[in-house]
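Breakdown of the fold
Each chain, written out:
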Amino acid sequence: MSVSRVLLVCWAALATLSVCTVALAHFGATSLLSMAILLVAVGKAWLITDGFMEMRHAPRLWRRLMLSWALVLAAVVGLTLEVVR
Amino acid sequence: MSTSAESTGVFRRHLPGDLAMWFFILAELSVFAILILAFAVTQALKPQMFSESRLLLNTSTGLAMTLSLLTAGLFAALAQEQVRRSRPRHGAVFLLMALLAASVYVVLKLTEYRHLLASGLGMEHNTFFTLYWILTGFHFLHVLLGMVILGWLAERCRRGLYDASKRSGFESGVLYWHMVDLIWVMLFPLVYVLS
């Protein structure tokens, strides 16, 4: 797949996931939906990191650092909201 | 997501842009992580206030802002691909399209800010709006700086100052924009959506 096509696929996936985020919120405000919304956010962050920022070609340590930022942040936010709920 | 280089197994792992830019990005991501966590902790402590205040924001506007930032990111990445093919003037055109998409975000954000201020929902209205203004305002400043960088890169591309062998500075500038996108995709659900 050409680089331009990879970028277009990434953008289409990002746009679709963004619409999914808003659609999920319309179903209610349960813990499960909140977790799903956070997971979608992590998926989008990974698409930007690996797709747009090209971390899929980067040294593994840098790639792991960048991918873990969104994952750890979403996990801590999810735990914070869940623990107090 | 494999490219032809990957499928033949001949590519070498490479960090795009300058190493200094990556340390800068890590520092920025850390600062925003702290702000986002502060928002989440306060929401956990005052869930009722946050739910009610969030209803005063327009989720559709937030979605439109997300799409405009992501589209700008796509055009910036396509511009980078043109520079790698030593076609900087094509790159300049893509960067101008990125700036156009980013301008949509700026117009939407300023309209939202004006509407909130007119409704008396300024920084001192309640804790939700204090954090909303700090988080989104700080991010908005990053978007403005990102647009200045994209404009500067476009001008240098127009003058043919970048090509396949001379592109590290260009990649660093584009990476800054992607960082702004990356922060927004984590910030958007927390501020506009997550109850």
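Residues numbered from 1 in each chain as written. Chains lettered and ligands numbered in written order. Predicted model: local features only at pLDDT ≥ 70, side-chain atom pairs only at ≥ 80, totals over all residues.

1. Brief notes about the overall build of chain A
- The number of helices and strands found in chain A is 3 helices and 0 strands.
- Helices and strands in chain A line up, N terminus first, as α-α-α.
- Each principal axis of the C-alpha distribution contributes one length, and for chain A these read about 45 × 30 × 10 Å.
- Counting all 85 residues of chain A, 38% fall into the buried class. (Helix = DSSP H or I, 4+ residues; strand = E, 2+ residues; numbered from the N terminus. Buried ≥ 20, exposed ≤ 12 C-beta atoms within 10 Å, placed from the backbone.)

2. Details of the nonpolar core
- Judged by nonpolar contacts, the single largest core of 80 residues is most densely connected at Ala 41 of chain A together with Ile 36, Ala 76, Leu 95, Ala 98, Met 186 and Leu 190 of chain B.
- When contributions to this core are tallied by element, the ones reaching two or more residues are α1 (3–26), α2 (31–52) and α3 (60–84) of chain A together with α2 (19–45), α4 (59–84), α5 (88–118), α6 (127–158) and α7 (168–193) of chain B.
- Sorting elements by how many residues they give to this core places α7 of chain B first, with 18 residues. (Core = buried A, V, L, I, M, F, W, Y, C linked by C-beta atoms within 7 Å.)

3. Remarks on the interface of chain A and chain B
- Contacts between chain A and chain B engage 40 residues on the former and 39 residues on the latter.
- Going through the elements one at a time, α1, α2 and α3 of chain A are the ones with two or more residues in the side of chain A that touches chain B.
- No other element matches the 12 residues that α1 of chain A contributes to the side of chain A that touches chain B.
- Partitioned by chemical class, the residues of the side of chain A that touches chain B number 28 nonpolar, 8 polar and 4 charged. (Contact = placed C-beta atoms within 7 Å. Nonpolar A, V, L, I, M, F, W, Y, C, P; charged D, E, K, R; others polar.)

4. Here we look at the UniProt feature "transmembrane region" (unreviewed entry) in chain B
All names here are of chain B.
- Mapped onto this structure's residue numbering, the UniProt feature "transmembrane region" (unreviewed entry) falls at residues 21–41, 61–79, 91–111, 131–153 and 174–194.
- Split by type, residues 21–41 is 100% helix and 0% strand. Its first and last C-alpha atoms lie 30 Å apart.
- For residues 131–153, the end-to-end C-alpha separation is 33 Å, with 100% helix and 0% strand making up the annotated structure. (UniProt positions renumbered as here; feature names shortened; annotations may be inferred.)

5. Considerations on α6 of chain B
Residues and elements named next belong to chain B.
- The end-to-end C-alpha separation of α6 is 46 Å, in line with the 46 Å expected for 32 residues at 1.5 Å each.
- Turning to α6, its buried residues are Phe 128, Leu 131, Tyr 132, Thr 136, His 139, Val 143, Gly 146, Leu 150, Leu 153, Ala 154 and Cys 157.
- If you follow the buried residues of α6, they end up packed against α2, α3 (47–54), α4, α5 and α7.
- Backbone geometry just after α6 places Gly 160 at a positive phi near 70°. (Expected span 1.5 Å × (residues − 1).)

6. Regarding the environment of Ile 48 of chain A
- Relative to the assigned elements, Ile 48 of chain A resides in helix α2.
- A tally of 25 C-beta atoms within 10 Å means that Ile 48 of chain A is categorised as buried.
- Ile 48 of chain A sits 34 residues away from Leu 14 of chain A along the chain, and the two C-alpha atoms are 8.2 Å apart.
- Ignoring sequence-local partners within four residues, the contact set of Ile 48 of chain A consists of Met 53 of chain A together with Gly 73, His 178, Asp 181, Leu 182 and Val 185 of chain B.

7. Considering the environment of Ala 33 of chain B
- With respect to the element layout, Ala 33 of chain B can be found in helix α2.
- Each C-alpha atom of the pair Ala 33 of chain B and Ala 79 of chain B lies 29 Å from the other, and the pair is 46 residues apart in sequence.

8. Re the packing of α2 of chain A against α3 of chain A
Residues and elements named next belong to chain A.
- Running from N to C, α2 and α3 cross one another at 165°; their axes reach a closest spacing of 9 Å. Comparing their axes, α3 and α2 come out roughly antiparallel. For the element pair α2 and α3, the recorded crossing hand is right-handed. For the pair formed by α2 and α3, the contact residues are Ser 31, Ser 34, Met 35, Leu 38, Ala 41, Val 42, Ala 45, Trp 46 and Thr 49 on the first element and Met 66, Leu 67, Ala 70, Leu 71, Ala 74, Val 77, Gly 78, Leu 81 and Glu 82 on the second.
- Its residues placed into classes, the contact of α2 with α3 shows 13 nonpolar, 4 polar and 1 charged. (Axes fitted to C-alpha atoms, helices over the stretch in contact; angles between N-to-C directions. Parallel < 35°, antiparallel > 145°, perpendicular 65-115°, else oblique. Left-handed = near helix turned anticlockwise from the far one by under 90°.)

9. Topic: the confidence of the model for chain B
Residues and elements named next belong to chain B.
- For chain B, mean pLDDT is 93; residues scoring 70 or higher make up 94% of the total.
- Across residues 1–7, confidence stays below pLDDT 50; counting only partners more than four residues off in sequence or on other chains, it has 12 contacts.
- This prediction of the complex comes with two scores: 0.93 for pTM and 0.95 for ipTM. (pLDDT = per-residue confidence, 0-100.)

10. As for the packing of α2 of chain B against α7 of chain B
Residues and elements named next belong to chain B.
- Between α2 and α7, the shortest axis-to-axis distance is 11 Å and the interhelical angle comes to 15°. Judged by the inter-axis angle, α2 sits roughly parallel to α7. In the crossing of α2 with α7, the sense of the turn from one axis to the other is right-handed. Facing Met 21, Ile 25, Glu 28, Phe 32, Ile 36, Phe 39 and Ala 40 of α2, the residues of α7 in contact are Ser 172, Leu 175, Met 179, Ile 183, Met 186, Leu 187 and Leu 190.
- Grouping the constituent residues of the contact of α2 with α7 by class yields 12 nonpolar, 1 polar and 1 charged.

11. Brief notes about α5 of chain B
All names here are of chain B.
- For α5, spanning 31 residues, the distance from its first C-alpha to its last is 44 Å, which sits close to the expected 45 Å at 1.5 Å a residue.
- Buried positions along α5 lie against α4 and α6.
- Note on α5: the residue one or two positions beyond its end, Gly 120, has a positive phi of about 75°.

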